[in-house]
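Next come the chains, spelled out residue by residue.
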Amino acid sequence: MQESLLKSGQADRLPRFGDRCASLLAQREICRSTPLDVFQSALNGFFYPGGRIETSAFRPAPVDSLLRAGRLNQVTVALVRYGTEAMVDGGELGAYHVNVPISGAVASACGPRETVAIPTRATVFTPHEHSVLPLWSEDASQVWVKIEKSALETEIEALLGRPIAGDVQFERAMDLTTPRARSWLRVLRLILMELDRPGGALERSPTYGNQLERLLISGLVRTQAHDHLGGLCGAFRPARPRTVKRVVDLIEAGPEINYTLSDLARHAGVGARRLEIAFQESLNTSPMGYLRKVRLGRTRADLLAGAEPDMSVAYRWGFNYLGRFAATYRRTYGELPSETVRGKRGVWVFPSPPAVG
């Protein structure tokens, strides 16, 4: 039964991800076509405290094995290919893992629950249950994502507005064809590209990597089913206007800081959902939307003063992705930042946000 499931998944492909396998993390290669004990040692250094690989036929140096990997602060990502049919015993991982298939199929078990990962279905592992991949197909390759235990649980606690006990129990199979999962994959793709870009934003901005990995973590806990998801999606009593004012004051004092929704909720002392409802009722926008408006207003004021190139001003006010910044700026003001600097159009300053309190 398990072998038939593996074979049935080999033809499935995840568009726009698997097709780029050859270039994923090309600058982050750790080892290729090495003896299995060398490959295992390198893999354990990034993911498994004491993992073990077994193959059905002894191959001291599989010609197709490949490991590329890179680290942020709380997130590690890798492209993994064994190049042979294998069994992988990871033991207790000590962190949350998501294995995203690119090709082939992999039987995956975490504790008593099992699934088969194919390029439209990933697998999520928890820290303290025994994890094993009992059958890895010869043509299988995956992108592995490791999220530190404390980082994911801190994110959920901030969103809920209360502490949690024990590991977060995720549903093992993650459907990669849903709109939310595809949004999460876009963040993962961005991290892979940025890690592989010498002189890119990760090197220029120390906070950029933190922002990306928190987007990845937040997206996972909002996308994949787990035992706290109901608390994140349920109805909450709106926060009081003075709680909104507390966040507004924080944003106005430092809009260039890369706040996440959980940061703002933690500062307000409420759960993220309650804060979102309160902002919508009070200001007709979200907390992150308000942050974006303030950043845009500060950026435009600097551009109108003409003191610096538009790229420098954008970075100053927390816009790390310049293409997205330019598109948002144009939607808001009807012109590109460079056109504001050149003064090709009339001056129109974004109106001040409504007073709160």
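A. Region of the structure containing the overall build of the chain. Each helix and strand in the chain was counted, giving 14 helices and 12 strands. Relative to its 357 residues, the chain shows a buried fraction of 52%. Restricting the contact set of the chain to residue pairs at least 6 apart, pairs at least 24 apart contribute 73%. For the chain, the accessible area works out to roughly 16100 Å², and carbon and sulfur atoms hold 52% of it.

B. Looking closely at the pattern of salt bridges. For the structure shown, the criterion picks out 17 salt bridges. When the shortest N-O distance is used, the salt bridge between Glu54 and Arg52 registers 2.1 Å. A salt bridge links Lys245 to Asp249; the shortest N-O distance between them is 3.0 Å. Within this pair, Lys245 and its partner Asp249 are both found in helix α8 (residues 241-253), separated by four residues, close to a single helical turn.

C. The sheet that holds strand β12 (residues 173-175), seen in detail. Pairing in this open sheet of seven strands is antiparallel, and the strands run β1-β3-β4-β11-β6-β9-β12 from one edge to the other. Of all strands in the sheet, those with a lone pairing partner are β1 (29-32) and β12, marking the two edges. On average, adjacent strands in this sheet sit at an angle of 20° to one another, irrespective of strand direction. Helix α3 (residues 149-160) rests against β6 (95-103) and β11 (141-148) of the sheet, and its axis sits at about 70° to β11.

D. View of the sheet that holds strand β2 (residues 52-55). The five strands are arranged β2-β5-β10-β7-β8 in an open sheet whose pairing can be described as antiparallel. Every other strand in the sheet has two partners, leaving β2 and β8 (113-117) as the edge strands with one partner each. Across the sheet, the mean angle from the axis of one strand to that of its neighbour is 15°, orientation sign disregarded. Relative to β8, strand β7 (residues 106-110) runs antiparallel, the two being bridged by five bridges. Bridging across to β8, Ala107 finds its partner in Val116.

E. Representation of the packing of α8 against helix α10 (residues 272-283) within the structure. For the pair α8 and α10, the least separation of the axes is 10 Å and the interaxial angle reads 90°. By the criterion of interaxial angle, the relationship of α8 to α10 is roughly perpendicular. Counted together, Val244, Val247 and Val248 of α8 and Leu275, Ala278, Phe279, Ser282 and Leu283 of α10 form the full contact between these two elements. Broken down by class, the residue content of the contact of α8 with α10 amounts to seven nonpolar, one polar and no charged.

F. Up close: the nonpolar core. Among the nonpolar cores identified, the biggest contains 63 residues, and Val98, Val100, Val145, Leu152, Met174, Trp184 and Leu188 are the most heavily contacted of them. Top element by residues in this core is helix α4 (residues 179-195). It accounts for nine residues.

G. Quick peek at the pairing of β6. Within β6, nine of the nine residues are buried, leaving the element largely enclosed by the surrounding structure. One ladder, built from eight bridges, connects β6 with β11; its direction is antiparallel. Of the residues in β11, the one forming a bridge with Asn99 is Trp144. By the bridge criterion, three bridges tie β6 to strand β9 (residues 121-125) in an arrangement that is antiparallel. Bridge pairing links His97 to Phe125 in β9.

H. Layout of helix α2 (residues 36-46). All of the buried residues along α2 are Leu36, Phe39, Ala42, Leu43, Asn44 and Phe46. Check the buried side of α2 and you find it contacts β1, β2, β3 (66-71), β4 (75-81) and β11.

I. Spatial organisation of the confidence of the model for the chain. Confidence along the chain averages 84 in pLDDT terms, with 85% of residues attaining 70 or more. Predicted confidence for residues 1-16 stays below pLDDT 50, and this span has 32 contacts to residues more than four positions away or in other chains. Predicted confidence is poor over residues 344-357, with pLDDT under 50, and the contacts of this stretch with residues over four places away or in other chains come to 25 contacts.

J. A look at the environment of Val187. In this fold, Val187 is placed in helix α4. A sequence separation of 30 residues divides Val187 from Ile217, and the C-alpha atoms of the two residues are 9.8 Å apart. Each residue touching Val187, except ones within four places of it in the same chain, is listed here: Leu212, Leu215 and Leu216.

Basis of the calculations
Counting restarts for each chain, with residues numbered from 1 along the sequence as it is written. Local features in this predicted model are restricted to residues whose pLDDT is 70 or higher, and side-chain atom pairs enter the listing and the counts only when it is 80 or higher, whereas totals over whole chains, interfaces and linings include all residues. The side-chain numbers reported here are obtained from all heavy atoms of the structure, hydrogens and water having been left aside. Secondary structure elements are taken from DSSP: a helix is a run of H or I of four residues or more, a strand is a run of E of two residues or more, and numbering for both begins at the N terminus. The rule is simple: take the accessible area with a 1.4 Å probe, protein chains only, and divide by the maximum for that residue type; under 20% is buried, over 50% is exposed, in between is partly exposed. The contact criterion used is simple: two residues touch if any of their non-hydrogen atoms lie within 4.5 Å. Accessible areas in this description were obtained via Shrake-Rupley with a 1.4 Å probe; residue shielding takes into account the shown protein chains only. Salt-bridge detection follows one rule: a side-chain nitrogen of Lys or Arg within 4 Å of a carboxyl oxygen of Asp or Glu. Think of it this way: DSSP has to see at least two bridges between two strands before they count as a pair. A fitted line through C-alpha atoms serves as each axis, taken over the contacting stretch for helices, and the angle formed by two N-to-C directions is quoted from 0 to 180°. Comment on the angle field: the value is read as roughly parallel under 35 degrees, roughly antiparallel over 145, roughly perpendicular from 65 to 115, and oblique elsewhere. Amino acid classes used here: Ala, Val, Leu, Ile, Met, Phe, Trp, Tyr, Cys and Pro are nonpolar; Asp, Glu, Lys and Arg are charged; the rest, including Gly, are polar. Among buried residues, the Ala, Val, Leu, Ile, Met, Phe, Trp, Tyr and Cys ones that are joined through side-chain atoms within 4.5 Å form a nonpolar core. Within a predicted model, pLDDT stands for the predictor's per-residue confidence, ranging from 0 to 100.

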